[in-house]
Amino acid sequence: MKYLSIVAIMLLLFSCGGNSEIEIGNKTTMEVTPEVFDAGEVIKGEMITAKFTIKNTGEYPLVLGEVKGGCSCTVAEYPEEPIQPGDTGEILAHVNTNETGIGPLNKSVNIVANTEKSITTVVVRASVMRK
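Residue positions are counted from 1 within each chain, in the order its sequence is given. It should be noted that, the model being predicted, local features are given only for residues of pLDDT at least 70 and side-chain atom pairs only at 80 or more, the latter also being counted only at that level, while totals for whole chains, interfaces and linings use all residues. Excluding hydrogens and water, the side-chain values take into account all heavy atoms of the structure.

1. Things to note about the overall build of the protein chain
- Only DSSP runs of H or I reaching four residues or more are called helices, and only runs of E reaching two or more are called strands; each is numbered from the N terminus. When helices and strands are tallied, the protein chain shows one helix and eight strands.
- Moving toward the C terminus, one meets the helices and strands of the protein chain in the order α-β-β-β-β-β-β-β-β.
- With an accessible surface of roughly 8,400 Å², the protein chain has 54% of that area assigned to carbon and sulfur atoms. Accessibility throughout is a Shrake-Rupley quantity obtained with a 1.4 Å probe, and a residue counts as covered only by protein chains that appear here.

2. Section: the pairing of strand β7 (residues 103-113)
- Direction of pairing for strand β4 (residues 64-69) relative to β7: antiparallel, over a ladder of five bridges. Note that in β7 the partner of L64 across the bridge is A113.
- Strand pairing is assigned whenever DSSP identifies at least 2 bridges connecting the two strands. Summarising the sheet, β7 and strand β8 (residues 119-129) pair through 10 bridges and their orientation is antiparallel. Considered in β8, the bridge of K107 is made with V124.

3. Let's talk about the confidence of the model for the protein chain
- A score from 0 to 100, pLDDT tells how confident the predictor is in each residue. Residues of the protein chain with pLDDT of at least 70 account for 81%, and the chain-wide mean is 86.
- This stretch, residues 1-23, has a pLDDT under 50; its non-local contacts, to residues over four places away or in other chains, come to two contacts. Should any heavy atoms of two residues lie within 4.5 Å, those residues are counted as being in contact.

4. A closer look at the sheet that holds β4
- With mixed pairing, the four strands of this open sheet are ordered in space as β2-β8-β7-β4. Each edge of the open sheet carries a strand with a single partner, namely β2 (36-43) and β4. Neighbour-to-neighbour, the strand axes of the sheet open up by a mean angle of 20 degrees, direction not taken into account. Think of each axis as a best-fit line through the C-alpha atoms, taken over the contacting stretch in the case of a helix, with angles from 0 to 180 degrees between the N-to-C directions.

5. A look at the nonpolar core
- Nonpolar cores were defined as sets of buried Ala, Val, Leu, Ile, Met, Phe, Trp, Tyr and Cys residues, with membership established by side-chain atoms within 4.5 Å. Three labels apply to residues, based on accessible area from a 1.4 Å probe with only protein chains included: buried if under 20% of the type maximum, exposed if over 50%, partly exposed otherwise in between. F52, L64 and I111 are the most contacted members of the largest nonpolar core, which totals 24 residues.
- Of all the elements in the fold, those that place two or more residues in this core are β1 (30-33), β3 (47-56), β4, β6 (88-96), β7 and β8.

6. Quick look at unusual backbone geometry
- Backbone torsion omega between T33 and P34 reads -10 degrees, so that peptide bond is classified as cis.
- Assignment of secondary structure puts P34 in the loop between β1 and β2.

7. Notes on the side chain of N114
- Its location among the elements puts N114 in the loop between β7 and β8.
- Residue classification places N114 among the buried positions, given a relative accessible area of 13%.
- In protein, a polar contact requires one atom able to donate a hydrogen and another able to accept it; more generally it is a pair of N or O atoms within 3.5 Å, and residues adjacent in sequence count only if both atoms are side-chain atoms. A distance of 3.0 Å separates a polar side-chain atom of N114 from the backbone oxygen of P61.
- Once residues lying within four places of it in the same chain are set aside, the contact partners of N114 are N26, K27, T28, P61, L62 and V63.

8. Some remarks on the sheet that holds β1
- Taken in spatial order, the four strands make up an open sheet running β1-β3-β6-β5, and their pairing is antiparallel. Strands with a single pairing partner mark the edges of an open sheet, and in this sheet they are β1 and β5 (74-77). Between one strand and the next, the sheet's axes are offset by a mean angle of 25 degrees, whatever the strand orientation.
- Of the strand pairs in this sheet, β1 and β3 are connected by four bridges, and their pairing is antiparallel. Looking across to β3, one finds that M30 is bridged to N56.

Listed below in structure tokens is the structure:
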């Protein structure tokens, strides 16, 4: 067990090398549009893909540390490279309605970034109908 811990720490240290342009302490700002993606009425079993545009409105590169759905039915894709000031990126949130109930659906997606408020939450909304 001790050996495994040492290996994990070494992997973490060696994988953290990389882009020297990014200064961890620098905070930036971002705009996310839309804040709520409304998919309207969907049939149970449909996959919802919500697109959110993020714009770096600050002076430093925007680094997304994690973008994660609030439950296992929601999976997000996001840019791994920093988004430079003035540039935009895209977050795609996929909601599997096979894993949700019938009726109103509100699924959150948390965006963790190097912004003053480190967590920004967006929402995927829909009304899931029977087949």
